[in-house]
Amino acid sequence: MSGILDDLNPEQLAAVKCTEGPELIIAGAGSGKTRVLTSRIAYLISLGVPPERILALTFTKKAAGEMKERIAAMVGDRQARRIWMGTFHSVFIRFLREYAEAIGFPATFTIYDQTDSVNAVKTVIRQLGLDDKNVYKPREVQSRISRAKNDLVTPTPYANGEGGYRDSDKIHKKPEIYKIYAEYCKFCKTSGVMDFDDILLYTNILFRKSEEALTNIAGRFTHILVDEYQDTNLAQYLILKKLASVHHNLCVVGDDSQSIYAFRGAQIQNILNFQKDFPETRLFRLERNYRSTANIVNAANSLIANNEGRIPKNCVSMGSAGEKIRLMRAYTEGEEAFQIASAIISRMRSDGASYDDFAILYRTNAQSRALEEQLRRRNIPYIIFSGNSFFERAEVKDLMAYFKLAVNLRDDESFKRIVNKPARGVSENTVKELADFAFGRGLCLFEAAMSPELETSGLRGPAIKHLREFCTMMQGFAADSGDAYKAAMSIAHESGLYLFYKSDESVEGQSRFQNIQELLDSVAGFVEEQHEEYRNGLVEEGEVEDASEVPESALPVVTLGEFLENISLLSSVDVADDETSNKVALMTAHSAKGLEFPYVFVAGMEENLFPGGGWTISPKELEEERRLFYVAITRAKKAVVLTYADTRMRNGRHENNQPSRFLTEIAPQYVENPIRKERSLGGASSLLGGSGGSGSRFGGGSWRSSDFGSGNFSTSTSRKPGFGDVRASKNTTSPKPTSASAWEIKSAIQSRPKPAEVDPDFVPDPMSSFREGDRIEHNRFGKGTMGSITGTIPDLRAEVTFDLYGKKILLLKHAKLRHIK
DNA sequence: CGGCCCCGCGTTTTT
DNA sequence: CGCGGGGCCG
C-alpha cells in the first residue's frame with residue numbers, strides 16, 4: 001500500500017490525496033494523468049473505500065483495461081476487479097439492462113452500430129415514402145438525429161421546434177426530418193435495439209423517469225472518476241451530474257487542448273465550466289511532461305497558442321531538448337509513403353529502434369492505402385488500427401445478422417438481411433409486402449410473419465410458408481441460451497450459411513468462407529477468454545488453489561448475446577497486444593489519442609486535408625483541427641516527422657494542395673528546416689512555382705536541397721547488402737486460427753495482404769530521385785540509362801535506354817526503377 | 001427469381 | 001479508385 005504515493009510529483013500527489021468533493025485535474029499531454037487516476041483509486045481503496053463503490057469511466061476499453069491493470073499492480077487483482085471500471089457505454093448498458101422495463105425495452109436489447117443505424121434510418125425514410133436519394137440522405141439524416149439525441153432533444157420537443165432543429169431543417173429544405181426521427185425511434189423500440197446515442201439518451205430518460213432507478217444506481221457509488229472529460233457530451237455530462245448529486249465526489253481529468261470530438265457532440269464547455277457547475281471544485285494542473293522531448297513540447301505549445309479560449313497552462317518537458325521537428329516534402333502520396341518507409345528503416349539502423357517504436361498518423365483513413373503499399377513493398381510489418389473492416393465484410397455481416405436475430409428476434413434490419421440468405425424462396429417483394437403489413441400494425445417483421453392475419457394480406461401461400469419456416473428456425477436458435485460457440489456453430493450450419501459460403505470455390509469465395517471460419521473462431525476465443533477470466537477470479541478469491549482445478553462444468557455460460565455486445569463496443573484501438581507487437585502502427589490522429597510512440601510521423605500535412613479533411617471549415621472547426629494536430633505531435637516521445645505532398649490522388653482525381661498552415665504555426669526554432677511563413681506555397685524549395693500549372697518543372701536538378709529534411713533520407717534508398725534483415729519474419733498475415741479473439745481477427749484482416757510482387761526483393765527508388773544520365777535498373781527490363789524526363793508531376797515520363805531492350809518511354813509513377821551503384 | 005454488370009455517386013474524424 | 005445501388009439479362 002505504501003508504494004501508491006511514491007514517485008508522484010507534488011502536483012500529482014496533491015491531486016491524488018484530494019479524495020473528497022469535486023476535483024478538476026487539467027492534465028497536459030504526457031503529464032501522467034493515468035498515473036494520477038490509478039493512484040487516486042488505489043489510494044481511495046487503501047483508505048478503506050470499498051472498490052465496488054468506485055465508478056471509473058473511460059472512452060475506450062483499452063484505457064479501462066490499462067487502468068485496471070495498473071491498479072491491480074498496486075492493490076492486488078482481487079480488489080481491482082471489484083471496481084466499476086469501463087467505458088461510458090458498457091457501464092450504462094449494464095444499468096439499462098437492469099431497468100430495461102422502465103423504459104420500454106426488453107432486457108435483451110441489442111446494440112446498433114452506426115452502419116446499422118444508418119440502414120435503419122434508410123428503411124424508415126422509405127417507409128414514410130420520402131426521397132432517400134436526393135433529399136433525405138440516410139447518412140445525413142442519421143447524423144442529424146444523432147446530434148439531437150446527444151442534446152437530449154427527443155422527437156416531440158424536436159417537432160415542437162426546440163433546439164432550433166426544425167427551423168434549420170426547413171432552411172435546408174428537409175422539413176420532414178422530425179417525422180423520420182420519430183419513426184426511427186419507434187422502429188428501434190419495436191426492434192428492441194439501441195444505437196450508441198440511445199445508450200446515453202435512455203440512461204438520462206431512465207434517471208428522469210424513475211426516481212427509484214436513479215437513487216438505487218447513484219447510491220452504489222461514493223466516488224466517481226472520469227477520464228478524458230473534455231470529450232463528454234451533454235448527455236454524458238448530465239448523467240455524471242446526477243450520479244454525483246449527493247456526494248459531489250466527482251473527479252474529472254482532461255485537457256481542453258485535446259478536445260477533438262465535437263463532431264460527435266462533445267462539448268468543450270463541460271471542462272471549461274466545471275468550476276461553475278461545482279463551485280467548491282479544487283483545481284489541479286499537471287504541467288510537467290514526462291513523455292516528450294523539450295522540442296516536441298515547445299513545438300506543441302507554440303502551435304496550440306494559436307487557439308483562443310483555452311484554460312491557461314504551461315507545459316514543460318522534463319526531458320532533454322531532443323531533435324527538432326522534421327519536415328519532409330514529397331511529390332505524391334506514394335512518394336510520401338516511400339520516404340516514410342525509408343526514414344523508418346534508417347532510423348532503425350541509427351537508433352536501434354524496433355518497428356513498434358513507430359506510428360504513422362493521418363487525418364483520414366483513406367490515406368492508409370499508399371502507406372500500406374510502400375510498407376509492404378519494403379517488408380516492413382505494420383498494423384492498421386481503423387474502423388471495423390473485418391466486421392464490415394458482407395459475409396461476416398451475414399453471419400452476425402443471424403447471431404443478432406437469434407439473440408433478438410425483433411431486430412428487423414437483421415431479419416431483412418438474412419431472411420433469404422441462403423436463398424429460401426423469399427423474394428424481395430415478399431419482404432416488402434411483409435414490411436408494409438408490419439408497419440401498418442406496429443409489429444416487427446418476425447411477429448408479422450407469424451401473425452395469423454398474414455393470410456389475409458396479399459401474400460401468396462408458398463411465400464408465407466417459406467417465411468414461417470425461416471421464423472421457426474430462428475425461434476429454435478433463439479431458444480438456445482447456452483454456450484455462445486455451440487450456438488454459433490449450430491446457427492452457421494443449420495441456417496445453411498456455412499455450406500453456402502463453403503461451396504463457392506472461387507478465390508474470393510474461399511476468402512469469404514475463411515472469414516466465416518474466423519468469425520466462428522473468434523466466438524470460441526471470446527468464450528475461452530471469459531472462462532479464463534472467471535478461473536482467475538476464483539483463484540484470486542481463494543476459492544481454489546489453481547485455475548486448472550476449476551472443472552469445465554463449473555464454468556459460467558457465456559452467451560451469444562455477450563459476445564455481440566462485446567463486439568459492438570470494441571473500439572479501433574482495442575487490439576490484442578500480441579497483434580501489435582513489433583509492427584509499425586498506422587492510425588488516424590483521432591485513434592491515437594491516449595497512446596504514445598517514440599517516433600511519430602504525421603502524413604498529409606496539407607491544406608484541405610489537415611486542416612480541413614472536408615471542405616470549407618469554420619474558425620471553430622479550424623481550432624478543433626489544430627487540437628487534433630496537437631494530439632498527433634504530442635504522441636511522440638523522441639521525434640516527430642511531418643510530411644506533405646504536392647499532389648495527392650483523391651476521389652480518383654489529382655489535387656494540388658498547399659502545405660498545411662500548421663507547419664508554419666509551429667515556432668520555427670523547433671523545426672529543422674522551417675517553411676518561411678511569408679511564402680504561402682512551395683515549401684522550402686522554390687522548384688514548384690504555381691499550383692498545378694503545366695510544363696516540365698523537373699530536370700532543373702536543383703531540387704536536391706533540403707526537401708527531405710536532414711538528408712537522412714536521400715541516399716538511404718540505395719539498396720545495401722543486409723537490407724533483407726529488416727524483413728519481417730511474421731509479416732502482417734493472419735495469426736493462429738483457433739484461439740484468436742475477435743479483435744485479433746479484426747486486426748489481422750485489416751492488414752489486407754496482397755498478392756506477391758513479381759520480385760518481392762525489388763525495392764524501387766522514388767521517382768523524384770532520377771536524373772538524366774543516371775544508371776538505373778528496371779525490375780523487368782534490366783539495366784539502362786536514364787534519358788530525358790518530361791511531363792508534369794505526377795505524370796512524369798522518362799525516356800530510358802535499356803542495355804538489352806533499347807529505348808522505352810516509361811511512366812515514372814508506375815515503373816519500378818532503382819539506381820545502380 | 002437470382003445473379004451479374006454497369007453506372008453514378010461521394011468522402012473526416014468514432015463510442 | 002472503391003463502394004453501393006439499380007437495372008438488365010439469363
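Everything numeric in this text was worked out from a predicted model, so none of it was measured. (Residues numbered from 1 in each chain as written. Chains lettered and ligands numbered in written order. Predicted model: local features only at pLDDT ≥ 70, side-chain atom pairs only at ≥ 80, totals over all residues. Heavy atoms only, no water.)

## Some thoughts on the overall build of chain A
As a reminder of what qualifies: Only runs of H or I of at least four residues qualify as helices and only runs of E of at least two qualify as strands under DSSP, and these elements are numbered from the N terminus. In this scheme, a residue with accessible area under 20% of its type's maximum is buried, one over 50% is exposed, and one in between is partly exposed, where area comes from a 1.4 Å probe on protein chains only. Any two residues having at least one pair of non-hydrogen atoms within 4.5 Å are treated as being in contact. To be clear on the numbers: accessible area is Shrake-Rupley with a 1.4 Å probe, and residue cover counts the displayed protein chains and nothing else.
Secondary structure assignment for chain A yields 32 helices and 23 strands. Per-residue burial for chain A yields a buried fraction of 55% across its 821 residues. Residue pairs in contact within chain A that sit at least 24 positions apart in sequence constitute 75% of those at least 6 positions apart. Of the roughly 34500 Å² of accessible surface on chain A, 49% is carried by carbon and sulfur atoms.

## A word on the sheet that holds strand 8 (residues 282–286)
Our working rule: Any two strands are treated as partners once DSSP identifies two or more bridges connecting them. Lines fitted to the C-alpha atoms define the axes, with helices restricted to the stretch that makes contact. Angles between their N-to-C directions range from 0 to 180 degrees.
Reading across the sheet, the six strands line up as 3-2-6-7-1-8 and stay open at both edges, with parallel pairing between neighbours. Of all the strands in the sheet, just strand 3 (84–87) and strand 8 have a single pairing partner and so form its edges. On average, each strand axis in the sheet is tilted by 15 degrees relative to the strand beside it, whichever way the strands run. Of the strand pairs in this sheet, strand 1 (residues 23–27) and strand 8 are connected by five bridges, and their pairing is parallel. Within the sheet, the bridge partner assigned to Ile-26 lies in strand 8 and is Arg-285. Each of strand 2 (54–58), strand 3 and strand 6 (223–226) touches helix 5 (residues 88–98); the most contacted strand, strand 3, lies at about 115 degrees to it.

## Topic: the pairing of strand 15 (residues 597–602)
In terms of residue burial, strand 15 counts as a mostly covered element, since six of its six residues are buried. Two strands pair when backbone bridges link them, and strand 12 (residues 358–362) and strand 15 are joined in this way by four bridges, in the parallel orientation. Paired with Ile-360 across the strands is Phe-601, a residue of strand 15. One ladder, built from five bridges, connects strand 15 with strand 16 (residues 636–645); its direction is parallel. Looking at the pairing, Phe-597 lines up with Ala-636 of strand 16.

## Describing the nonpolar core
Across soluble globular proteins, you tend to see nonpolar side chains buried next to one another. Using the following cut-off: Residues enter a nonpolar core if they are buried and are Ala, Val, Leu, Ile, Met, Phe, Trp, Tyr or Cys, with the set joined through side-chain atoms within 4.5 Å.
Of all hydrophobic cores here, the largest spans 55 residues; its most connected members are Phe-403, Phe-415, Phe-470 and Phe-563. No other element matches helix 19 (residues 394–407), which puts eight residues into this core. Not counting residues within four places of it along the chain, the set of residues in contact with Phe-470 comprises Tyr-402, Leu-405, Phe-415, Ile-418, Val-419 and Arg-424.

## A look at the sheet that holds strand 13 (residues 382–385)
Reading across from one edge, 11-16-15-12-14-13 is the order of the six strands in this open sheet, with parallel pairing throughout. Looking at which strands have only one partner, the edges of the open sheet turn out to be strand 11 (326–330) and strand 13. Direction aside, neighbouring strands of the sheet carry axes that sit 20 degrees apart on average. Pairing of strand 13 with strand 14 (residues 584–588) involves four bridges; the strand directions are parallel. Note on strand 14: the bridge partner recorded for Phe-385 is Met-587. This element, helix 17 (residues 333–351), spans strand 11, strand 12, strand 14, strand 15 and strand 16 of the sheet and lies at about 140 degrees to strand 11.

## Some words on the packing of helix 19 against helix 24 (residues 484–494)
Convention followed: The sense of a crossing depends on the near helix, which, turned anticlockwise from the far helix by less than a right angle, makes the crossing left-handed and, turned clockwise, makes it right-handed.
Orientation of helix 19 relative to helix 24, taken along the N-to-C sense of each, is 115 degrees, at an axis distance of 10 Å. Where helix 19 crosses over helix 24, the two elements pack in a sense that is right-handed. Two secondary-structure elements touch here, helix 19 through Leu-399, Tyr-402, Phe-403 and Ala-406 and helix 24 through Ala-488, Ile-491 and Ala-492.

## Focus on the packing of aromatic side chains
Filter applied, for reference: Two rings from Phe, Tyr or Trp (for Trp, the six-membered ring) form a pair when their centres are within 6.5 Å of each other. A pair whose planes differ by under 30 degrees is stacked, one over 60 is edge-to-face, and the rest are tilted. Remark: a charge is flagged as sitting over a ring if the NZ atom of Lys or the CZ atom of Arg is within 6 Å of the ring centre and within 35 degrees of the ring normal.
Under the definition given, this model contains 22 aromatic pairs. Following the ring pairs from residue to residue traces out a cluster consisting of Phe-59, Trp-84, Phe-88, Phe-92, Phe-95 and Phe-221. Taking NZ or CZ as reference, Arg-94 lies 4.0 Å from the ring centre of Trp-84, over its face. Positioned above the aromatic ring of Phe-109, the side-chain terminus of Arg-97 is 4.3 Å from the ring centre.

No statement about biological role is implied by the geometric values presented.
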